[in-house]
Each structure stands twice: as C-alpha cells, then as structure tokens.
Amino acid sequence: MPEKFDAIVVGAGVAGLAAAYKMSQAGLSVVVIERGDYPGAKNVMGGVLYRSMMEDLIPEFWKEAPLQRPVVEQRFWFMDIDSVVTTGYKSQDWAREPYNCFTVFRGQFDQWFARKCTEAGVVIVNETLVEECLVENDKVVGVRTNRPEGDIYANVVVLADGVNSLLAKQLGFHQEWQPQQVALAVMEELKLPSEVIEERFNLEPGMGTTIEIFGGGTLGLVGTAFIYTNKEHLSLGVGALLSQLRQAKIKPYDLLENLKKHPAVRPLIRNAEPVEYYAHLIPEGGYKAVPQLVGNGVVVVGDAAQLVNGIHREGSNLAMTSGRLAAEAIIRAHQMGEFDRRALSHYEETLRNSYVMADLKKYKDSSHLFEKNPKYFNEYLPAANMALHEMLTVDGTSKKDKQKRIMQRILGGNSLYSVGKDLYQAWKAMR
Ligand code: FAD
C-alpha cells in the first residue's frame, strides 16, 4: 500500500463507493476503509435503489448487478386500526429498460459495487475502523485506524461513514444528532416462494411492488412502514422518529409486531418465514440539519451529511449523487493542486444546485410540522378511513346525512377554522 493516497474514503456504503469509483476512473489513487467484514455487511436498507443515480456512475448496471425486482408499482396505504385507504400507481413503462428503480439487498449490491471499484483500481480495506481524522495545521491530512501502525495519509478524506458519523462530529461539523433528527427503523426479511409473492401482490413474474404505509403502521407516530417485494423475500419494516418513540415509550419491535397483525398485512405475509432482522437509524433532520459539508482536506457525503428525503423514502440516490459530486470536486481540486476548503467548495456548490438540496429544501418544514401537531397522524388519517367507511357502507342512510355525519366526526372538538389551518399548513409544508 503506498504511504499516501490522493483520497481516503471512510465507509463502503453507496455514498463512499460512488465517490471512490468516480475518483478512481479519473486516475486518482483511492483507498476505501470499511469497518464491516465486507462492504454491505453493516448496511440496512429496505430497499429501493434508484436507477438514474446509479447509471450516472455505471451505465446499464442492471445487466450485471445483483438486483431483486424492478419496481413496476408503488402503492400508498393510509392505515387505521383495522382498515386502510389505498392508492398507488402501476406502469408497464417501469417493467422495461431502462427501468425506474429496483428492490435490492444491500449486502449483495454493495459487494458487487465494491468489486467494480476494485476493478477500477480502488483499494478496499475491510474490518478496519477509522477512529479519527488526522489534522495538521487546521487541515485534515489522513485518518487513524484501529490497525497497528494504522495511520493513512491523503490529500482529501471523504467522510461516508453513515448516519452515526462520529468523524464529522469530532471535526466540529455538527453536534450530536437530536432524537427528532433521526428515525429508528426495524425491518424483517420474510421468505416466501416467488410465485406466492407474485400471486399475492398481483405481479407478472420477476416484477416488484412497494407499499408505503402511513398512520396506523406506526401507531400514529411520525414515521412510515413499508413492504417491498424481493425475488423470494418480502422486506417488512417500520420506523419512527426517536423522539416520538421515546415519548410514547413504544419499542420499534412492538410496532413491527403490531403491523404484522394488521388485517391488510396479515394475508400478504401468511406462512412467510422470518430469516433476518435489522435495526438502523435513518437521518431525518432534513435541510435544516445538513451539517458543514466541506473543510480543509475533507468532505462529508450521504447519510453522514443527513442527505435523506424521508417523504419520498429516498436516501441511497442522494448518497450516490453526493458521493459523485464530491468526487468531481476532488478531481478538480487535484487538477488545481489545492485541497483547502475553498478548492473543495465546488462540491457544496454543485450539491446545492442539484435535486438533492432542492428536494430537502422543499420539505424543510414537513417533519417538524407533523411532529409538532399529532393530529395529522392521529386524527386526520383515521378520519380518511372513517369517511370512506361511512360513504361505502350501505345502510339506508342518505348520502347527504352520511356527509353531515362525516363532517361532524372530522370536526369533533375542532373548529372548521383550525382544521382548515392544519390542512393549509400541511399543503404549505409539502408543496
Ligand atoms: P451507509 O450505507 O450507512 O454506509 C456507511 C458505511 O460506513 C457502512 O458500511 C459502515 O460500516 C461504514 N462506517 C461507519 N463508520 C465507520 C468508521 N469509523 N470506519 C470505517 N467504516 C465506517 N434509501 C433508499 O434510497 N431507498 C430505500 O428503500 C431505503 N430504505 C431504507 C430502509 C431502512 C430500514 C433504512 C435504515 C434505510 C433506508 N434507506 C433507503 C436509506 C439508505 O439506506 C441510506 O440513505 C443509504 O444507505 C446511505 O448510504 P451511505 O453510504 O451514506 O451510508
């Protein structure tokens, strides 16, 4: 191993591998340091991987990458205790190349991506923990690992160490994440024969669907639940803001068990065998929580920079785009021979001009609003179930009387003004 690299990447998740792949292709010497036994060993994701951002790195990757199913349908469920309002969209267009997104197992996908990096010349060192960044004269010059004589030097260090990024915190780029800035998610992989999955989810052979579940799936806590179809497994998961879980004294595992018993979920997972169980944090602080992204000799990418769009369950794509943009800035800095904050600030500029920051900015008030006002999840989502139940139950009551009854129940103790204000604020936060 040479003594000094052009770049060190900490973390072999999709953000780190994207950065490493791009830099290596431009001829830079790159080492990726991963604490897990192999890339993907520590990574948890439901998960849906988006084609466009991966294709920015490896054209037509779907022809060789280990993917589960192309997603042809996305369903949305608004759940109450024993009912659900459903909507969604299915498109044959998503069943054909170049596809829209795929379900994946990150354990498999990240190993494949890491192999592509190795083929491009990246050195990947597994089972090695980066303990701290080495700083000289106010510039990051390398990292200290837990290996004997484990200091490694580089012109730039890319911090791609995920949501628990202790390294960016050590550098003073952010404080400890607050419980309202992270969600705790738990997930199970449930084994089922592929034909059973296809029959239960009304799918053509090999095709996949996703279900995002709001409301009852998290017992009214701010968060979401999901069901994704893989080849021979379902991914079933649920996550809620840590602050809400603590306040309600609910364990995420109990949310998952509760979800599995819901009458809309139960038949989908009948006789499925649980084979894996995971728990992981998801950064949910959004735009306002994005930390300092660039310092002298260092950049922060992916979950480590809170780049997750929770409203659209997008994280892997923001991670890959931020890794790629950081790499492009480092390649440019390499050409200039300068690696200070000013030279690397091109990364921050391009990220701010990309969909990544535009989308985070668009939803900057949403999770705060939903956390502040529990009525959205506890009253308004159940009200949608109640309204449809009322209208669709034929019992001899006139539709006009039903409408009145619905309005009375929705208004309950609330004034029309306060309901209108809540709806307006939700529209404002999401528009
Ligand atoms: P990670 O994938 O977390 O990678 C960080 C890597 O750094 C890890 O390999 C870790 O071992 C390593 N590391 C950490 N610290 C050190 C250290 N000190 N030294 C060495 N190595 C270190 N996103 C989607 O787009 N679609 C989904 O469907 C989706 N579903 C999700 C479901 C769940 C349950 C969860 C938890 C997340 C989901 N996400 C989803 C979010 C997505 O997984 C993340 O946004 C994405 O993985 C971020 O990639 P990353 O490379 O920044 O971080």
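Analysis parameters
Residues numbered from 1 in each chain as written. Predicted model: local features only at pLDDT ≥ 70, side-chain atom pairs only at ≥ 80, totals over all residues. Heavy atoms only, no water. UniProt positions renumbered as here; feature names shortened; annotations may be inferred. Helix = DSSP H or I, 4+ residues; strand = E, 2+ residues; numbered from the N terminus. Near = heavy atom within 4 Å. Polar contact = N/O pair within 3.5 Å; in protein donor to acceptor, adjacent residues only side chain to side chain. Areas by Shrake-Rupley, 256 points an atom, 1.4 Å probe, with all protein chains shown as cover. Nonpolar A, V, L, I, M, F, W, Y, C, P; charged D, E, K, R; others polar. Contact = heavy atoms within 4.5 Å. pLDDT = per-residue confidence, 0-100. Domains from an automatic or database assignment. Core = buried A, V, L, I, M, F, W, Y, C linked by side-chain atoms within 4.5 Å. Buried < 20%, exposed > 50% of the residue type's maximum accessible area, 1.4 Å probe, protein only. Axes fitted to C-alpha atoms, helices over the stretch in contact; angles between N-to-C directions. Parallel < 35°, antiparallel > 145°, perpendicular 65-115°, else oblique. Left-handed = near helix turned anticlockwise from the far one by under 90°.

- By the naming in an unreviewed UniProt entry, the protein chain is Nitrogen fixation protein FixC, taken from Desulforamulus ferrireducens.
- The annotation that UniProt attaches to the protein chain under Sequence similarities (unreviewed entry) is "Belongs to the ETF-QO/FixC family."

## Quick look at the UniProt feature "domain: FixC-like C-terminal" (unreviewed entry) in the protein chain
Thinking step 1. Feature annotation in UniProt assigns "domain: FixC-like C-terminal" (unreviewed entry) to the following positions: residues 367-431.
Thinking step 2. In the segment residues 367-431, helix accounts for 80% and strand for 0%; the C-alpha atoms at its two ends are 14 Å apart.

## Observations regarding the site of the ligand
Thinking step 1. Taken together, 35 residues lie near the ligand, and Glu-34, Val-48, Arg-106, Asp-303 and Ser-316 sit nearest.
Thinking step 2. Between an oxygen atom of the ligand and a side-chain N or O atom of Glu-34, the distance comes to 2.6 Å.
Thinking step 3. At 2.7 Å from an oxygen atom of the ligand is found a side-chain nitrogen or oxygen belonging to Asp-303.
Thinking step 4. Protein burial of the ligand: of its 1000 Å² of free accessible surface, 95% is covered by the chains.
Thinking step 5. Looking at the shell around the ligand, its residues break down into 16 nonpolar, eleven polar and eight charged.

## Considering the side chain of Glu-188
Thinking step 1. Along the chain, the position of Glu-188 falls in strand S11 (residues 182-191).
Thinking step 2. Within the local environment of Glu-188, its side chain forms a polar contact with the side chain of Lys-260, the two groups lying 2.8 Å apart.
Thinking step 3. Leave out the neighbours within four places in its chain, and Glu-188 touches Leu-234, Ser-235, Leu-236, Leu-256, Glu-257, Lys-260, Pro-274, Glu-276 and Tyr-277.

## Section: the confidence of the model for the protein chain
Thinking step 1. Confidence in the prediction for the protein chain averages 95 pLDDT; 99% of positions are at 70 or higher.
Thinking step 2. Here the predicted complex scores 0.97 on pTM and 0.99 on ipTM.

## Let's talk about the domain arrangement of the protein chain
Thinking step 1. Domain annotation of the protein chain identifies domain 1 (4-66 + 105-174 + 291-353) and domain 2 (367-430).
Thinking step 2. One C-alpha centre belongs to domain 1, the other to domain 2; they are set 45 Å apart.

## Considerations on the nonpolar core
Thinking step 1. By size, the foremost hydrophobic cluster in this structure holds 88 residues, and its most contacted members are Met-23, Phe-61, Phe-109, Phe-113, Leu-307 and Tyr-347.
Thinking step 2. Apart from the residues within four sequence positions on either side, Leu-307 is in contact with Val-290, Gly-302, Gly-315, Leu-318, Ser-322, Tyr-347, Leu-351, Val-356, Met-357 and Leu-360.

## What about the UniProt feature "domain: FAD dependent oxidoreductase" (unreviewed entry) in the protein chain?
Thinking step 1. In this structure's numbering, the residues bearing the UniProt feature "domain: FAD dependent oxidoreductase" (unreviewed entry) are residues 6-56 and 108-328.
Thinking step 2. For the annotated span residues 108-328, helix accounts for 26% and strand for 34% of the residues, and the straight-line distance between the end C-alpha atoms is 27 Å.

## Description of the packing of helix H13 (residues 375-392) against helix H14 (residues 399-411)
Any two packed helices are characterised by how steeply their axes cross, that is the angle between the axes, and by the distance between the axes.
Thinking step 1. H14 packs onto H13 with a crossing angle of 165° between their chain directions and a minimal axis gap of 10 Å. Taken together, H13 and H14 sit at an angle that is classed as roughly antiparallel. Relative to H14, the crossing made by H13 is right-handed. Listed contacts from H14 to Ala-383, Met-386, Ala-387, Glu-390 and Met-391 of H13 are Lys-399, Lys-402, Gln-403, Arg-405, Ile-406, Arg-409 and Ile-410.
Thinking step 2. Class assignment for the residues of the contact of H13 with H14 results in six nonpolar, one polar and five charged.

## A short note on unusual backbone geometry
Thinking step 1. Of note, the amide linkage connecting Glu-97 to Pro-98 takes the cis form, showing an omega dihedral of 5°.
Thinking step 2. Structurally, Pro-98 can be placed in the loop between strand S5 (84-90) and strand S6 (101-103).
Thinking step 3. Phi angles above zero are rare outside glycine, and Asp-138 is one such case at about 65°.
Thinking step 4. Looking at where Asp-138 falls in the secondary structure, it is placed in the loop between strand S8 (130-136) and strand S9 (139-145).
Thinking step 5. Taking relative accessible area as the criterion, Asp-138 reaches 61% and is therefore assigned exposed.
Thinking step 6. Of note, Arg-313 is a non-glycine position whose phi angle comes to about 45°, a positive value.
Thinking step 7. Residue placement: Arg-313 occurs in the loop between strand S17 (298-300) and helix H9 (316-336).

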